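Structure at a glance
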Amino acid sequence: MCEFCTEHGEGKKWYLQMKNYSDVLLHEQLSSPEKEMAGATTRLEWIQRYYEEFIIPAGIGAHPPEASQAGPSPGHEPAVQPSEEEVLARRKAEEFGQVLPIEDVEQVIQIVDSVTRMPCGCRFVTTGKADKRYCFGFGVDKLGILGKFPDAASCLEVLEKQEAMRILHDFDEEGLVHTIWTAITPYSFIICNCDRDCMSYKGYIEMRGSPRFFRAEYVCQTDWDLCTGCKSCMSQCQFGAVFYSSALSKVHIDPTRCFGCGVCRAVCPNDAITLVPRQDHPEAAGIWLRDPAG
Ligand code: SF4
Ligand code: SF4
Ligand code: SF4
């Protein structure tokens, strides 16, 4: 279990705890240090600002900001450059993610109030595309932001849960990594579906910057009795964890690189890939952030 499970899930998966989606957390007055960090008095205020600064511009399709000027976190940056440890601690407290396999996405969708599909702020910034709806916000109707989308009808979709899962399964087959995000931890407000156009992915994985999300509570492994070496799974992996052995005509998943997203399974014709709990895997247990070699 990751540290959020210990701190916010009482030893169970933190993102499956109802209390982390509660109205009490949403409306609770933040502590003084949290207010200072977030530049907001409540989580609701923080989330409203997140939508106004990051999602609504993508819905409008205005000229995208420079990637260096935009970011998923709308918190105020401190005047003095913080250390790497301070940056990570702040991210974990303010807005942090975790990779989820589709089975756990399904469980989250079952417990949230409602699901609204909306424009992807990252892809708007990194690709200029304003019509890419990969973000699935929870309980958006109670956040008081719907009226702020100038043309909500054309960029927001309130989905039945069954329809949300159908789309999320399509994303899984497409190889998009599912991530869940906090808004002043541990409140959980959105599931994202990301690839290399994601600003958090770019900053953390590509540029090897400060971590933005935990790996999943799982890790994948291949059954060599079933693998025929077709290599289909290799192009699904956003984390470079799948290796091909020409001599054996099999693939190997490096457990120290695997983030446990599980999307490689969706394209395996032989069901040769399975998810196992990270804590039960001798090489992957305890690895929650970037690969140790990094
Ligand atoms: S985290 Fe993913 S889905 Fe969410 S805004 Fe960024 S790229 Fe889009
Ligand atoms: S090998 Fe691991 S990180 Fe790569 S797609 Fe499969 S589960 Fe995700
Ligand atoms: S998709 Fe399945 S059969 Fe093909 S290489 Fe990957 S694990 Fe092996």
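Here the structure is a predicted model, which means the values were calculated and not measured.

Some thoughts on the sheet that holds strand β7 (residues 213-214)
- Taken in spatial order, the seven strands make up an open sheet running β4-β2-β3-β6-β5-β1-β7, and their pairing is mixed. Of all strands in the sheet, those bounded by a partner on one side alone are β4 (157-159) and β7.
- As paired strands, strand β1 (residues 97-100) and strand β5 (residues 177-182) are joined by four bridges and run antiparallel to one another. Paired with leucine 100 across the bridge in β5 is histidine 178.
- On top of the sheet, helix α4 (residues 43-60) reaches β2 (115-118), β3 (135-138), β5 and β6 (188-194); it is set at about 30° to β6, its chief contact.

Examining the domain arrangement of the chain
- What the domain assignment reports for the chain is domain 1 (3-214) and domain 2 (218-280).
- Taken together, the 22 residues of domain 1 in the interface contact 13 residues of domain 2.
- Inspection of the region where domain 1 meets domain 2 yields one salt bridge.
- If you look at where domain 1 meets domain 2, you find eight residue pairs in polar contact (both at pLDDT 80 or more).
- Of all the secondary structure elements, the ones that give two or more residues to the side of domain 1 that touches domain 2 are β1, α6 (102-111), α9 (161-174), β5 and α10 (199-206).
- Partitioned by chemical class, the residues of the side of domain 1 that touches domain 2 number twelve nonpolar, two polar and eight charged.

Calculation notes
Residues numbered from 1 in each chain as written. Chains lettered and ligands numbered in written order. Predicted model: local features only at pLDDT ≥ 70, side-chain atom pairs only at ≥ 80, totals over all residues. Heavy atoms only, no water. Pairing = 2+ DSSP bridges. Helix = DSSP H or I, 4+ residues; strand = E, 2+ residues; numbered from the N terminus. Contact = heavy atoms within 4.5 Å. Axes fitted to C-alpha atoms, helices over the stretch in contact; angles between N-to-C directions. Domains from an automatic or database assignment. Salt bridge = Lys/Arg side-chain N within 4 Å of Asp/Glu carboxyl O. Polar contact = N/O pair within 3.5 Å; in protein donor to acceptor, adjacent residues only side chain to side chain. Nonpolar A, V, L, I, M, F, W, Y, C, P; charged D, E, K, R; others polar.

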